[in-house]
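Understanding the architecture of this molecule
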Amino acid sequence: MKVTKDIKYIGVNDHKIDLFEGQYIVPNGMAYNSYAIIDEKIAIMDSVDINFSAEWIENVKATLGERQPDYLIIQHMEPDHSSSIMEFVKAFPEVTIVSSSKAFTMMKAFFGTDFSEGRIIVGEGDTLSLGKHILTFVTAPMVHWPEVIVTYDSTDKVLFSADGFGKFGALDVDEEWACEARRYYIGIVGKYGAQVQSLLKKAAGLDIEIICPLHGPVLKENLSYYLGLYDTWSSYRPETEGVCIAYTSVYGNTKVAVDELASALEAKGVKVAVSDLARCDMAEAVEDAFRYDRLVLATTTYNADIFPFMKEFINHLTERNYQNRTVAFIENGSWAPMATKVMKAMLEKSKNLTYTEAGVKILCAMNDENREQIKALAEELCK
C-alpha cells in the first residue's frame, strides 16, 4: 500500500489473536503497522509481532527489491512492535538501529544486546537525513511506555505516531474508527492523559498532513477530527451527553431497578448505555463510562463489600484517572446495605466528580418507595 510516493506500508494483519495484551477482546483482529521510507537511504519504521516476522520481512524484500534497508527505526519497545528486531537483523545484518536511549536499554533486557556497535541513539529534536526526507524525532515518554519516540517527516508532512491514534482491528476489516480507537485509547493509554496532552502540544507545531500509527489505518483526511478526539480523551472531558449505567445483579432485583431507570431516562430523550458487568466486555463498559458525562453505578453489598465485577470496574476507572463526571448510585443491601459507601470510598481520589443527591437503596426487592427514588434520580440526572 502506498502512503506517499516514497512511503510504503509493509505491515501485517493478525486474525489469530483473541486477546490483545492478554485482556482486550479483538473480534476483528489487529494490525501491526510498519512503513518503508524509500530515499537515497531507506528507513524501515518499526517491527511487528514475532509471529509475523517472516511475513513482514517478505513484505520488506518485495517492497525494496534489490535494495537493502539502511535504518530500522524503533519508536516503541512493546513486543507487538519490537519482537521481530532480531529476525530483521539476521535478514539485513548491515542495518543500523535507530531508537531512544531507554529503548536500547530495553533491547538489552529483551534480546541480550543493545546493538552498541550498530546503532544511533536519538532524542528530542534530533534529525536523520535519508536524502530529501529529513526525519525529526520527538520524545513521547509514557505514551504509553517511557522509551517512546514519534517521528516527523517534513518532506511528506507525515507523523509516524507510534501507538498514538491507533485502534483495534485488522486493516482488511471495514469498521468505524472512533469506537475501536476509543476503546483502545482508554484501555491502553487512558492513564496517561497529561503525557498525551504534552505530545499534542508538540504536534501542534508541526505541519501534519498524514498520520501513520502502529495500529489501525493511515489517517489522511479530516485530521482535526482525530486530533480533537484525542484532545477530549486525554483531558478527561466527556465526549457525549448521556448516561452510562453499569450494574451487577445476583438474583435480578438490582437489574429491575436499572431497567426502570433506563426506561425513565430514555422516555425523557436521554441517550443511555447499559452494561451488565458480569456478562459484557469490561473494556466496552469502561469506554462508555469515559464517553458519557453521567454515570450510574448499581450493585449489591457482597461480603460486607461490593460485588466483584463492580469492584473490578471501578478499579479500571480509577487507575485511568476517571474524573469530570456526575455519578449516581443504586445499591441493594438486603439486611446490611453498604454498597454506596464502599463505591464512594473507591472514588474518593477521583477529581471533579459530582454526586447526585438522589439515590436508590433497595432492601432485597423493589418496592413503591424505590420506584419513587428512581423517578427522583431520573429527574436529577436530566437537569
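For the structure, see preceding data.
To start, this report covers the structure provided alongside it. (Residues numbered from 1 in each chain as written. Predicted model: local features only at pLDDT ≥ 70, side-chain atom pairs only at ≥ 80, totals over all residues. Heavy atoms only, no water.)

Attention now moves to the state of the cysteines. What the rule picks out here adds up to zero disulfides. The cysteine C382 is free of any disulfide, with C244 supplying the nearest cysteine sulfur at 15 Å. Taking the relative accessible area as the measure of exposure, C382 reaches 29% and is therefore partly exposed. (Disulfide = S-S within 2.5 Å. Buried < 20%, exposed > 50% of the residue type's maximum accessible area, 1.4 Å probe, protein only.)

This part covers the pattern of salt bridges. Summed over all chains, the structure comprises 23 salt bridges. As a salt-bridge pair, K157 and E209 come within 3.8 Å of each other at their nearest N and O atoms. One end of the pair, K157, is in the loop between β13 (149–153) and β14 (158–160); the other, E209, is in the loop between α6 (193–204) and β15 (210–212), with 52 residues separating them in the sequence. Measuring nitrogen to oxygen at the nearest pair gives 3.7 Å for the salt bridge that ties E284 to R183. In this pair, E284 sits in helix α9 (residues 282–291) while R183 sits in helix α5 (residues 177–189), placing the two residues 101 residues apart along the sequence. What makes E284 partly exposed here is its relative accessible area of 29%. A residue is classified by how much of its surface remains accessible, and R183, at 2% relative accessible area, is buried. Connected through shared salt-bridge partners, E180, R183, D281 and E284 make up one network. (Salt bridge = Lys/Arg side-chain N within 4 Å of Asp/Glu carboxyl O. Helix = DSSP H or I, 4+ residues; strand = E, 2+ residues; numbered from the N terminus.)

With respect to the helices, strands and loops of the structure, H133 is situated in the loop between β11 (127–129) and β12 (134–139). Residue H133 is classed as buried on the basis of its relative accessible area of 0%. A polar contact of 2.8 Å, which involves the side chain of H133, links it to the side chain of D153. Contact partners of H133, with chain neighbours within four places excluded, come to D6, I37, D39, L128, D153, T155 and D156. (Polar contact = N/O pair within 3.5 Å; in protein donor to acceptor, adjacent residues only side chain to side chain. Contact = heavy atoms within 4.5 Å.)

Glancing now at the packing of α5 against α9. With their axes 9 Å apart at the nearest point, α5 and α9 run at an angle of 95° to one another. Of the possible angle classes, the one that applies to α5 and α9 is roughly perpendicular. Facing α5, whose interface residues are C179, E180, R182, R183 and I186, α9 presents A283, E284, V286, E287, F290 and R291. Per-class residue counts for the contact of α5 with α9 are five nonpolar, no polar and six charged. (Axes fitted to C-alpha atoms, helices over the stretch in contact; angles between N-to-C directions. Parallel < 35°, antiparallel > 145°, perpendicular 65-115°, else oblique. Nonpolar A, V, L, I, M, F, W, Y, C, P; charged D, E, K, R; others polar.)

It is at 9 Å that the axes of helix α8 (residues 253–267) and helix α12 (residues 368–381) come closest, and there the two elements cross at 40°. Judged on the interaxial angle alone, α12 and α8 are oblique. The interaxial crossing formed by α8 with α12 has right-handed handedness. Facing A257, E260, L261, A264 and L265 of α8, the residues of α12 in contact are R371, I374, L377, A378 and L381. The residue makeup of the contact of α8 with α12, split by class, is eight nonpolar, no polar and two charged. (Left-handed = near helix turned anticlockwise from the far one by under 90°.)

This paragraph deals with the nonpolar core. When a protein is soluble and globular, its nonpolar side chains tend to lie buried together. Grouped together as the largest cluster of nonpolar side chains are 89 residues, with contacts concentrated most on F20, W56, L297 and F313. In terms of residue count, α5 provides more of this core than any other element does, eight residues in total. (Core = buried A, V, L, I, M, F, W, Y, C linked by side-chain atoms within 4.5 Å.)

So, about the sheet that holds β12. Read from one edge to the other, the open sheet built from five strands follows the order β11-β12-β13-β14-β15, with strand pairing classed as mixed. In this open sheet, the two strands that pair with only one neighbour each are β11 and β15. Each strand axis lies, on average, 20° off the axis of its neighbour in the sheet, ignoring direction. For β12 and β13, the ladder comprises five bridges, and the chain directions are antiparallel. Directly across from F137, in β13, lies its bridge partner T151. (Pairing = 2+ DSSP bridges.)

Residue H144 is bonded to the preceding V143 through a cis peptide linkage, with omega at 5°. Relative to the elements of secondary structure, H144 occurs in the loop between β12 and β13. At K157, a position not held by glycine, the phi torsion is positive, near 60°. Phi is positive for F165, which is not a glycine, with a value near 65°. Mapped onto the secondary structure, F165 falls in the loop between β14 and α5. With relative accessibility at 6%, the residue F165 sits in the buried group.

These results come straight from atomic positions and should not be treated as a statement about function.
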